[in-house]
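Residues per chain are reported as follows:
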Amino acid sequence: MAEELEEWCRCLPKVELHAHLNGSIRDTTLLELARERSKKGQLVLSDVEGVILKADDRSLQECFKLFDLIHVLTTDHGTISRVAKEVIEDFAAEKVIYLELRTTPKKNEAIGMSKRSYVEAVLAGFKAVETVEAIFLPIDGNIQHIIPPVQQNGPAKGPRMCQIFVRLLLSIDRRENLDGAMETVQLALDMRNSGVVGIDLSGNPIVGEWQTFLPALTWARNQGLPITLHCGEEIQGMLDFHPERLGHVCCLDDLEWKTLKASDIPVEICLTSNVRTECVTSIADHHFADLYQEKHPLILCTDDPGVFSTTISCEYALAASCFELSKRELFRLAKDAVKFIFADDKVKQTLSLIIDAAECDLLIPNEDVENCLPSEK
């Protein structure tokens with residue numbers, strides 16, 4: 001039943017709004033890159049091979065070790081472009097029809113990498129996508145591409161989509177100072193017409209202070225850039241800022257929960273990530289249930305699907321099985337997510353049409369009103 005549920009969720013057109021580029025890399029790609037570095041004497045393969053291959057049950061410390069390894073392996077323009085290309089293709093294979101990928105622009109003076117050239121390498125990866133049509137530039141004029149994605153080769157081999165809308169968020173790392181944050185915002189403004197649509201604040205929540213980044217985020221907002229924040233510490237200040245979206249929101253006190261629920265700030269929910277990072281004790285205790293019952297705006301997301309060995313289809317299946325959601329409710333989650341994307345209204349209308357068409361195909365007209373999922377029958 002679990003496999004049938006996951007396969008049904010894979011056929012559902014979905015929106016992904018919280019996915020980190022580095023956290024979404026294929027294990028096979030990491031292993032290949034590690035072997036290349038090993039041949040050059042730059043690392044010992046046996047030190048890292050185990051944590052790469054141990055995909056499904058990495059401990060928290062092993063996840064941290066993998067993050068460190070990823071930063072070591074993704075330091076040149078070519079690798080960054082390759083990873084961006086593969087990540088988009090992988091999300092498209094999960095029938096994601098709109099993806100907001102986020103990444104922190106990096107400098108590597110040893111190879112002449114600037115923040116700008118890093119982002120250009122990511123966008124080069126967008127252009128290199130082969131298995132689907134990746135649409136990453138703003139739509140001008142009439143709505144295009146309103147034909148629903150076509151499933152090829154059948155569910156057993158995985159859906160292959162005709163197209164995926166892709167946008168890029170530039171992340172400010174909490175380890176940066178104000179000058180670094182302002183540089184990232186300026187870069188986002190400069191590359192607005194190349195697929196960059198917003199700003200993210202991320203990184204270790206106990207590093208840096210909210211007030212350090214507030215001027216940069218305020219400037220970004222004043223220039224019309226939407227903002228999403230990883231919400232871990234200094235939460236009241238973030239709630240007062242009222243960003244367009246918030247990520248995670250795992251550690252709120254009673255007053256902060258009350259403030260959040262009184263707001264209309266959509267929350268990017270990452271079930272598997274929150275459990276694996278021990279931000280919540282279990283899926284059953286996850287705040288998704290509370291916010292969902294309160295009808296608070298929510299978006300199911302993956303965060304770092306490569307590191308945490310999940311997919312967006314698995315996250316939908318997990319929510320369905322743990323919180324007893326019907327097929328119609330899953331469609332509603334997918335369609336509601338469209339409201340919270342950082343793209344223009346033409347894209348939103350296109351995505352809604354695609355989801356509506358799929359709903360007619362995937363929901364059996366004669367099923368009972370709840371349209372129970374396989375695991376609920």
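Criteria and cut-off values
- Residues numbered from 1 in each chain as written.
- Predicted model: local features only at pLDDT ≥ 70, side-chain atom pairs only at ≥ 80, totals over all residues.
- Heavy atoms only, no water.
- Helix = DSSP H or I, 4+ residues; strand = E, 2+ residues; numbered from the N terminus.
- Expected span 1.5 Å × (residues − 1).
- Buried < 20%, exposed > 50% of the residue type's maximum accessible area, 1.4 Å probe, protein only.
- Arc of directions from axis to C-beta.
- Polar contact = N/O pair within 3.5 Å; in protein donor to acceptor, adjacent residues only side chain to side chain.
- Core = buried A, V, L, I, M, F, W, Y, C linked by side-chain atoms within 4.5 Å.
- Contact = heavy atoms within 4.5 Å.
- Axes fitted to C-alpha atoms, helices over the stretch in contact; angles between N-to-C directions.
- Parallel < 35°, antiparallel > 145°, perpendicular 65-115°, else oblique.
- Left-handed = near helix turned anticlockwise from the far one by under 90°.
- Nonpolar A, V, L, I, M, F, W, Y, C, P; charged D, E, K, R; others polar.
- Salt bridge = Lys/Arg side-chain N within 4 Å of Asp/Glu carboxyl O.
- Pairing = 2+ DSSP bridges.
- Right-handed = clockwise from strand over helix to strand, strands pointing away.
- Disulfide = S-S within 2.5 Å.
- Phe/Tyr/Trp six-rings, centres within 6.5 Å; stacked < 30°, edge-to-face > 60°.

**Focus on helix α15 (residues 345-362)**
Okay, step 1: The end-to-end C-alpha distance of α15 is 25 Å, a good match for the 26 Å that 18 residues give at a rise of 1.5 Å each.
Okay, step 2: Considered for burial, the residues of α15 that qualify are Val347, Thr350, Leu351, Ile354, Ile355 and Ala358. One face of α15 carries all of its buried residues, which in axial projection span an arc of 130 degrees. For α15, the exposed residues set more than 90 degrees away from the buried face come down to Asp345 and Cys360.
Okay, step 3: For α15, the N-terminal cap is aspartate 344; the gap from its side-chain oxygen to the backbone nitrogen of lysine 346 is 3.0 Å.

**Brief notes about the nonpolar core**
Okay, step 1: Phe126, Ile164, Ile199 and Leu217 are the most contacted members of the largest nonpolar core, which has 118 residues in total.
Okay, step 2: Per-element accounting of this core gives the leading share, seven residues, to helix α5 (residues 77-93).
Okay, step 3: Residues in contact with isoleucine 164, not counting those within four places in the same chain, are Ile88, Phe91, Ala92, Val96, Ile97, Tyr98, Leu99, Val132, Glu133, Ala134 and Ile135.

**Thoughts on the packing of helix α2 (residues 27-39) against α5**
Okay, step 1: Where α2 meets α5, the closest approach of the two axes is 11 Å, and the angle between their N-to-C directions is 165 degrees. Relative to α5, the element α2 lies roughly antiparallel. Where α2 crosses over α5, the two elements pack in a sense that is right-handed. Of the residues in α5, those touching α2 at Thr29, Glu32 and Leu33 are Thr79, Arg82 and Glu86.
Okay, step 2: In terms of residue class, the contact of α2 with α5 is made up of one nonpolar, two polar and three charged.

**Comments concerning helix α1 (residues 2-11)**
Okay, step 1: Looking at α1, one finds that the buried residues are Leu5, Trp8, Cys9, Arg10 and Cys11.
Okay, step 2: In this structure, the buried side of α1 is in contact with β1 (14-20), α5, α13 (312-323), α14 (327-338) and α15.

**Quick word on the pattern of salt bridges**
Okay, step 1: Considering all chains together, one arrives at 27 salt bridges under this definition.
Okay, step 2: Here glutamate 7 and arginine 10 are joined by a salt bridge, their closest N and O atoms 2.8 Å apart. Taken together, the residues span about one helical turn, with glutamate 7 and arginine 10 both in helix α1 at a distance of three residues.
Okay, step 3: By relative accessible area, which is 14% here, arginine 10 ends up buried.
Okay, step 4: One salt bridge connects glutamate 86 with arginine 26, and the closest N-O pair in it is separated by 3.7 Å. Highlighted residues: glutamate 86 in helix α5 and arginine 26 in the loop between β1 and α2, separated in sequence by 60 residues.
Okay, step 5: With a relative accessible area of 10%, glutamate 86 lands in the buried category.
Okay, step 6: Judged by its relative accessible area of 28%, arginine 26 is partly exposed.

**Concerning the packing of α2 against helix α4 (residues 60-73)**
Okay, step 1: Running from N to C, α2 and α4 point in directions that differ by 60 degrees, and their axes come no closer than 10 Å. Classified by the interaxial angle, the pair formed by α2 and α4 is oblique. Crossing handedness for the pair α2 and α4: left-handed. Contacts between α2 and α4 involve Leu30, Leu33, Ala34 and Arg37 from the first element and Leu66, Ile70, Val72 and Leu73 from the second.

**Looking at the pairing of strand β4 (residues 163-173)**
Okay, step 1: Most of β4 is tucked away: eleven of the eleven residues are buried.
Okay, step 2: Neither face of β4 is left uncovered, since the one carrying Gln163, Phe165, Arg167, Leu169, Ser171 and Asp173 and the one carrying Ile164, Val166, Leu168, Leu170 and Ile172 both have all their residues buried.
Okay, step 3: One ladder, built from six bridges, connects strand β2 (residues 96-103) with β4; its direction is parallel. Within β4, the position partnered with threonine 103 by the bridge is leucine 170.
Okay, step 4: Sheet analysis places strand β3 (residues 133-135) next to β4, joined by three bridges and oriented parallel. Across the sheet, the residue bridging to isoleucine 135 is phenylalanine 165, located in β4.
Okay, step 5: Pairing of β4 with strand β5 (residues 196-202), which is carried by six bridges, proceeds in the parallel orientation. Looking at the pairing, leucine 168 lines up with valine 196 of β5.
Okay, step 6: A crossover connection joins β4 to the parallel β5 through helix α7 (residues 178-190); in handedness this β-α-β unit is right-handed.

**What to know about the state of the cysteines**
Okay, step 1: A full pass over the atoms with the stated rule returns zero disulfides.
Okay, step 2: With no disulfide of its own, cysteine 251 lies 5.4 Å from the sulfur of cysteine 279, the closest cysteine sulfur.
Okay, step 3: Given a relative accessible area of 46%, cysteine 251 falls into the partly exposed group.
Okay, step 4: Note on cysteine 270: no disulfide assigned, nearest cysteine sulfur contributed by cysteine 301 at a separation of 5.1 Å.

**Re the packing of aromatic side chains**
Okay, step 1: Using the criterion set out here, one finds six aromatic pairs in the structure.
Okay, step 2: A ring pair is formed by tryptophan 8 and phenylalanine 331, whose centres lie 5.8 Å apart and whose planes are at 85 degrees; its orientation type is edge-to-face. Taken together, the positions of tryptophan 8 in helix α1 and phenylalanine 331 in helix α14 put the pair 323 residues apart, joining distant regions of the chain.
Okay, step 3: Accessibility expressed as a relative area gives 2% for phenylalanine 331, which makes it buried.
Okay, step 4: On the basis of an interplanar angle of 75 degrees and a centroid distance of 5.7 Å, the ring pair of tryptophan 210 and phenylalanine 241 is categorised as edge-to-face. Here tryptophan 210, found in helix α8 (residues 210-222), pairs with phenylalanine 241, found in helix α9 (residues 235-241); they are 31 residues apart in sequence, far enough to count as distant.

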